[in-house]
Amino acid sequence: MLLLLFHREREREMGRAFVYVILGGGVAAGYAALEFSRRGISPGDLCVISEEPVVPYERPALSKGFLLPESPARLPSFHTCVGANDERLTPKWYQEHELQNKLTENMAAAMRGASHMLDKRCALKDKKGHGMNEMYWTKNNFDSEASMDILSRQKRSRSLENLPLLFPTSIRENMPWNDDTFRGIELVLGTRVKCADVRRKTLLTATGETISYNILIIATGARALKLEEFGVKGSEADNVCYLRDLADANRLVSVMQSNVGGNAVVIGGGYIGMECAASLVINKINVTMVFPEAHCMARLFTPKIAEYYEEYYKSKGVNFIKGTVLSSFENNAEGKVTAVILRDGTRITTDMVVVGIGIRANTSLFEGQLNMEKGGIKVNGRLQTSNNSVYAVGDVAAFPVKLFGETRRLEHVDSARQSAKYAVAAIMAPDKTADFNYLPFFYSRVFSLSWQFYGDNVGEVAHYGDFSGGTFGAYWVNKGQIVGAFLEGGNKEEYDAIAKTTRYKPMVQDMAELERLGLDFALQV
Ligand code: FAD
Ligand code: NDP
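The following refers to the structure shown. (Residues numbered from 1 in each chain as written. Chains lettered and ligands numbered in written order. Predicted model: local features only at pLDDT ≥ 70, side-chain atom pairs only at ≥ 80, totals over all residues. Heavy atoms only, no water.)

1. Comments concerning the overall build of the chain
Secondary structure assignment for the chain yields 12 helices and 26 strands. Considering the chain as a whole, with its 525 residues, one finds that 53% of them fall into the buried category. Contacts spanning at least 24 positions in sequence make up 61% of the contacts within the chain whose residues lie at least 6 apart. A total accessible area of about 23700 Å² is found for the chain, and carbon and sulfur atoms account for 47% of it. (Helix = DSSP H or I, 4+ residues; strand = E, 2+ residues; numbered from the N terminus. Buried < 20%, exposed > 50% of the residue type's maximum accessible area, 1.4 Å probe, protein only. Contact = heavy atoms within 4.5 Å. Areas by Shrake-Rupley, 256 points an atom, 1.4 Å probe, with all protein chains shown as cover.)

2. Let's talk about helix H10 (residues 492-504)
Between the first and last C-alpha of H10 there are 18 Å, a value that for 13 residues agrees with the 18 Å anticipated at 1.5 Å per step. The secondary structure elements touched by the buried residues of H10 are strand S23 (449-455), strand S24 (460-465), strand S26 (481-488) and helix H12 (519-524). The distance from a side-chain oxygen at the start of H10 to the backbone nitrogen of Glu493 is 3.1 Å, and the residue carrying that oxygen is Asn491. In the stretch just after H10, Lys505 is the one whose phi turns positive, near 50 degrees. (Expected span 1.5 Å × (residues − 1). Polar contact = N/O pair within 3.5 Å; in protein donor to acceptor, adjacent residues only side chain to side chain.)

3. A look at the pattern of salt bridges
Taken as a whole and assessed by the stated rule, the structure comprises 22 salt bridges. Of the charged contacts in the structure, one is a salt bridge between Arg16 and Glu186, with a shortest N-O distance of 2.8 Å. On the criterion of sequence distance, the pair formed by Arg16 in strand S1 (residues 16-23) and Glu186 in strand S3 (residues 186-188) is long-range, its members being 170 residues apart. For Asp395, the salt bridge identified is with Arg244, shortest N-O distance 3.1 Å. Placement of Asp395 in the loop between strand S19 (390-392) and strand S20 (397-401) and of Arg244 in the loop between strand S8 (240-241) and helix H6 (246-257) is noted, with a sequence separation of 151 residues between them. Among the residues examined, Asp395 registers a relative accessible area of 9% and is labelled buried. If you follow the salt bridges from partner to partner, you end up with Lys374, Glu406, Arg408 and Asp456 in one network. (Salt bridge = Lys/Arg side-chain N within 4 Å of Asp/Glu carboxyl O.)

4. Quick look at helix H7 (residues 271-282)
With 12 residues, H7 extends 17 Å between its outermost C-alpha atoms, agreeing within 8% with the 16 Å of an ideal straight helix rising 1.5 Å per residue. Counting buried positions along H7 gives nine out of 12 residues, so the element sits mostly inside the fold. What H7 keeps buried is the set Gly273, Met274, Glu275, Cys276, Ala277, Ala278, Ser279, Leu280 and Val281. Looking one or two residues beyond H7, the residue adopting positive phi is Lys284, at roughly 60 degrees.

5. Notes on the packing of aromatic side chains
In this description, a pair of aromatic rings is defined by centroid distance and the angle of the planes. Inspection of every chain in the model, using the stated rule, returns 28 aromatic pairs. Between the aromatic rings of Tyr422 and Phe436, the centroid separation amounts to 5.0 Å while the plane-to-plane angle is 35 degrees, which identifies the pairing as tilted. Taken together, the residues span a long stretch of sequence, with Tyr422 in helix H9 (residues 413-428) and Phe436 in the loop between H9 and strand S22 (441-446) at a distance of 14 residues. Taking the relative accessible area as the measure of exposure, Phe436 reaches 8% and is therefore buried. One aromatic cluster is present, formed by Tyr271, Phe301, Tyr308, Tyr309, Trp451, Phe467, Phe472 and Phe486 through successive ring pairs. (Phe/Tyr/Trp six-rings, centres within 6.5 Å; stacked < 30°, edge-to-face > 60°.)

6. Remarks on the pairing of strand S15 (residues 352-355)
Alternating residues of S15 divide into Met352 and Val354 and Val353 and Val355, and every residue in both groups is buried. Direction of pairing for S8 relative to S15: parallel, over a ladder of two bridges. In the sheet register, Val240 faces S15, and the bridge partner there is Val353. Direction of pairing for strand S9 (residues 263-267) relative to S15: parallel, over a ladder of four bridges. Looking at S15, one finds that Val265 is bridged to Val353. (Pairing = 2+ DSSP bridges.)

7. Things to note about the site of ligand 2
Residues in contact with ligand 2 amount to 20 residues; listed here are only the nearest, Ile272, Glu275, Glu293, Glu411 and Tyr443. Across the complex, the protein chains shield 83% of the 910 Å² of accessible surface that ligand 2 would expose by itself. Those elements that place two or more of their residues in the shell around ligand 2 are H7 and S22. With three residues, H7 is the largest single contributor of residues to the shell around ligand 2. Among the residues forming the shell around ligand 2, the class breakdown is nine nonpolar, seven polar and four charged. (Near = heavy atom within 4 Å. Nonpolar A, V, L, I, M, F, W, Y, C, P; charged D, E, K, R; others polar.)

8. Some thoughts on the sheet that holds S26
What the five strands build is an open sheet, ordered S22-S23-S26-S25-S24; its pairing is antiparallel. This sheet does not close on itself; its edge strands, each paired only once, are S22 and S24. Sheet twist, expressed as the average angle between the axes of neighbouring strands with direction ignored, equals 15 degrees. Where S22 lies against S23, six bridges are found, and the strand directions are antiparallel. Bridging across to S23, Ser444 finds its partner in Trp451. Along the sheet face, H10 touches S23, S24 and S26 and points at about 160 degrees away from the line of S26. (Axes fitted to C-alpha atoms, helices over the stretch in contact; angles between N-to-C directions.)

The structure is reproduced here in structure tokens:
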């Protein structure tokens, strides 16, 4: 064991090298890891480095199930990739899953390789010399079942790294195993990368370790914009909450719990603002939403769609103050915010504040090294950056959206999942992987409402359906073709139909007829 620790320490100083490194431990990282595993990597080939202390999880849960007052979602239940109804990758999965497939082969090969030196039956015992079944094999007779039995016991009981210790030194030293044989996917958690050198293919962590790669996938996502970036001071107050990661979500839950029955001001009328306002209401907190635009979700919703959601929120007690922004906070002696002052002079007393005023992609490590566009790292149709050993996926990547014929940076979970899976396919099977052809997909769930949007929201809009509480939606028609579709309250078949319609981009001659047909138009495509 001492030898192992010594080896690890030396490794840290010298730096570790991997075939593949995923920088970032969010949604895209989790989906990329699963894809690597499915396509087959060798133990020790892949490393995931994340500033967060936990393995990748489905970030959308943080503004939904995580904030519920009863039976809230908690890790490990929402580790990736449950959001896509796929395997849930727990910390154990990263350690062991990859080995499960590979170790059998490796062990068989290793033992076959060592069998020449076995001239008598050999009994193997665990380190304490008891409890473990004996495993026998003879010169030319490797008993794989028995070895798998030992392997599975070992996996249950302690680290796989100790597995070689089960074998007598004479055998161990002659087996073609190395430390990598006993590694899964290397997780470097709670560790920020502070420097990247794409020419040298190295990353320097805040703990001083240099990690090198053959291929790098950048999945650094984004950070929440702070009020200070808009000239407002006071974000550090105990009762001012942002929401980007698990630590933020835990803090928000604790602030909410101590203010049940009180008041909250939500700054921002985008995704965070809308989803958090709904959660605050569910937690019995009175909400005032403040945002600069004329209506909520201004970047996506039409005024008519926004009106529906605002009326619904009002019916739940939410108060809207639109067309203005926060100018300052008032604090009490303990430094807690007690009131917000708006630019139009309005003063709102409050017990807590939630801020959701947008994000910035985490590109800074690569500025000046890789080409940038649209606030992100520019990639080609294979998710490859201007350096061909480096790929970028998720919120940080600006990629060509074929359907629109232009480069976009999307800030949504489906795009993170799909781009991550695609990049791994492009890396591991370049000849079999055509250019990424992604249909943008956004969704949200608040209270008992649920909507989906596909495509692009440009051009003329045809609204349809029942805006008084039933299923309704809209099509966006640009240059005579449907380019975007929105639906509230649909079922799977209906959502699939609007997705398909947006992908086909059918021609539309008559907007009035499209409005009349409504959802039936999509169902007939
Ligand atoms: P992230 O998931 O943000 O992961 C980035 C990771 O990189 C983090 O782990 C971070 O710590 C790490 N990192 C960054 N820099 C470094 C560094 N220098 N060193 C080490 N690690 C680093 N989208 C939807 O479509 N639907 C939703 O309902 C939805 N809900 C959301 C709810 C919330 C609260 C939030 C914050 C986002 C939501 N999104 C939603 C957006 C979606 O979660 C993101 O698009 C998605 O997480 C992007 O994945 P990513 O892997 O690119 O980035
Ligand atoms: P959004 O970009 O969705 O919304 C930001 C909102 O804040 C906009 O209304 C914006 O107005 C407003 N705003 C900007 N500056 C100020 C200011 N100084 N004062 C008050 N309001 C301001 O970002 P969010 O923060 O809501 O969401 C962060 C990220 O999380 C996004 O990437 C989003 O995609 C993701 N997310 C997605 C969800 C989903 O898809 N369901 C759910 C939760 C988060 P303007 O438009 O004028 O700038």
